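For reference, the chains in residue letters:
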Amino acid sequence: MMNRRTLFDLTQGIYYLFLGLWFGALVMLAIGAAITFRTVRTYQVTLGLEPFNHEALADQASNILAGAITGNVLKALGMLQVFCAVVVLGCLVAQATIFSRYVAQNWMNWLRTLCVLIPSIIIVIDIAVISPRIWELRKNMYNPELSTEARAVHRDHFQFYHKLSERTVGTGALLLAVGLVLSPMALNRKPFEERAQERDFT
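For the structure given in this document, a descriptive report is provided here. (Residues numbered from 1 in each chain as written. Predicted model: local features only at pLDDT ≥ 70, side-chain atom pairs only at ≥ 80, totals over all residues. Heavy atoms only, no water.)

Next up on the list: empty space enclosed by the protein. Evaluation of the coordinates by the stated rule reveals one cavity of 30 Å³ or more. Estimated volume of the largest cavity: approximately 90 Å³. Forming the boundary of the largest cavity are W22, L26, Q81, P119, I122, I123, D126, T168, V169 and G172. At the level of secondary structure, the elements contributing two or more residues to the lining of the largest cavity comprise α1 (4–43), α3 (107–141) and α4 (148–186). Residues of the lining of the largest cavity, tallied by class, amount to six nonpolar, three polar and one charged. (1 Å grid on protein atoms, 1.4 Å probe; cavity = no way out; pocket = protein on both sides within 12 Å on 5 of 7 lines; lining within 4 Å. Points joined across faces, edges and corners; volume = space filled by probe spheres on them. Helix = DSSP H or I, 4+ residues; strand = E, 2+ residues; numbered from the N terminus. Nonpolar A, V, L, I, M, F, W, Y, C, P; charged D, E, K, R; others polar.)

Listed below in structure tokens is the structure:
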């Protein structure tokens, strides 16, 4: 059987793997969204799917397609974030209980923990509140049965929630980056007996 130190090292590896995957996914989302919109607009697409092929929406075809692609990527990313968050939070619980003697109990550790907890809360808020509202407003602002003025009102509300989503995703990515940087300083503590043995050896 593996000893506690080996189990801690294994948990640490899993923690870094999924925390890094979580952060990397958020970064690639921002890059991918910008490239998607730029590429689709370059090709000047024409849509054949109702109701988006209505003549009243012809000048919005590129934005409709690029937004649909990015939105579906966001849905997949949301599920990936949930999975990563569950694994990382599980590792945090193990580090705070079973492996607490290997973790430095200082401000860096508490800040690292906070930098993981806040993005986890952001995920819940985004999935439960922000994303459903964005999809609802998107549907209305591209509804050709509504007047131009009504669609413009929905577009203004959409832009508000879209900016809110961008800010929350950006905040989450920044906090995860800080958590990644602080993690080595919080997870490199050795138990007292190991440090004593090293002093005796030297």
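Moving on to the nonpolar core. The biggest cluster of nonpolar side chains holds 23 residues, and the ones touching the most others in it are F8, Y15, L19, W22, L26, V88 and V116. Broken down by secondary-structure element, the contributors of at least two residues to this core are α1, α2 (61–96), α3 and α4. Sequence-distant contacts of W22, defined by excluding residues within four places in its chain, comprise Q81, C84, A85, V88, V116, P119, S120, I123 and L176. Grouped together as the second largest cluster of nonpolar side chains are 11 residues, I64, I134, L137 and Y142 included. (Core = buried A, V, L, I, M, F, W, Y, C linked by side-chain atoms within 4.5 Å. Buried < 20%, exposed > 50% of the residue type's maximum accessible area, 1.4 Å probe, protein only. Contact = heavy atoms within 4.5 Å.)

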